[in-house]
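# An overview of the molecular structure
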Amino acid sequence: MDLIKIAEESFATNKEHPAFNSGDTVTVSYRIKEGNKERVQQYRGVVISITGEGVKKRFTVRKISENIGVERIFPLESPFIESIAINKRGKVRRTKLYYLRQLTGKKARIKEKRVNS
């Protein structure tokens, strides 16, 4: 009986999220508390990394806000995540896309993966 695993399982939300990879453009609906009010904020950007395993899994989303790159790390099992929607599938050849931090404009775009239906 590992006490750490028991504690991690008790905090698990067991929500079902869609499977996504690095390079995908996702919209994360995240609950934010402001004083005594609570609202849902939409955070849309490119997933640049997925790290961790199991309950500790987290992903980093990067977006451009007024010509400034903004990154945010979301724990996948967070109770504050309402939903995750996949907007585009990206065609990338690596799992960590940290090179996007140095690119601006059209160079920072990721090709879309075509799906044959």
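A brief structural summary. Computed from a prediction, not measured in an experiment: that's the story for all the values here.

### What about a positive patch on the surface?
Positive charge collects at one region of the surface, where Arg 44, Lys 88, Lys 106 and Arg 109 lie side by side. Take Arg 109: it is sitting in the segment after β5 (81–88).

### A word on the side chain of Asp 24
Structurally, Asp 24 can be placed in the loop between α1 (3–11) and β1 (25–34). Of the residues examined, Asp 24 reaches a relative accessible area of 2% and is grouped as buried. Of note is the side chain of Asp 24, whose polar atom sits 3.2 Å from the side chain of Arg 89. A polar side-chain atom of Asp 24 sits 3.0 Å from the main-chain amide nitrogen of Gly 90.

### Here we look at the sheet that holds strand β4 (residues 68–75)
In space, the 5 strands of this open sheet follow the order β4-β3-β2-β1-β5, with antiparallel pairing throughout. With one partner strand each, in any of the chains shown, β4 and β5 form the two edges of the open sheet. The sheet shows a mean angle of 40° between the axes of neighbouring strands, taken without regard to direction. Pairing of strand β3 (residues 58–65) with β4, which is carried by 8 bridges, proceeds in the antiparallel orientation. Its bridge partner lying in β4, Thr 60 is registered against Ile 73.

Thresholds, definitions, all that
Residues numbered from 1 in each chain as written. Predicted model: local features only at pLDDT ≥ 70, side-chain atom pairs only at ≥ 80, totals over all residues. Heavy atoms only, no water. Patch = residues over 30% accessible without salt bridge, like charges linked within 9 Å, V, L, I, M, F, W, Y side chains within 5 Å. Areas by Shrake-Rupley, 256 points an atom, 1.4 Å probe, with all protein chains shown as cover. Salt bridge = Lys/Arg side-chain N within 4 Å of Asp/Glu carboxyl O. Lys, Arg positive; Asp, Glu negative; His and termini not counted. Charge placed at Lys NZ, Arg CZ, Asp CG, Glu CD. Helix = DSSP H or I, 4+ residues; strand = E, 2+ residues; numbered from the N terminus. Buried < 20%, exposed > 50% of the residue type's maximum accessible area, 1.4 Å probe, protein only. Polar contact = N/O pair within 3.5 Å; in protein donor to acceptor, adjacent residues only side chain to side chain. Pairing = 2+ DSSP bridges. Axes fitted to C-alpha atoms, helices over the stretch in contact; angles between N-to-C directions.

These results come straight from atomic positions and should not be treated as a statement about function.
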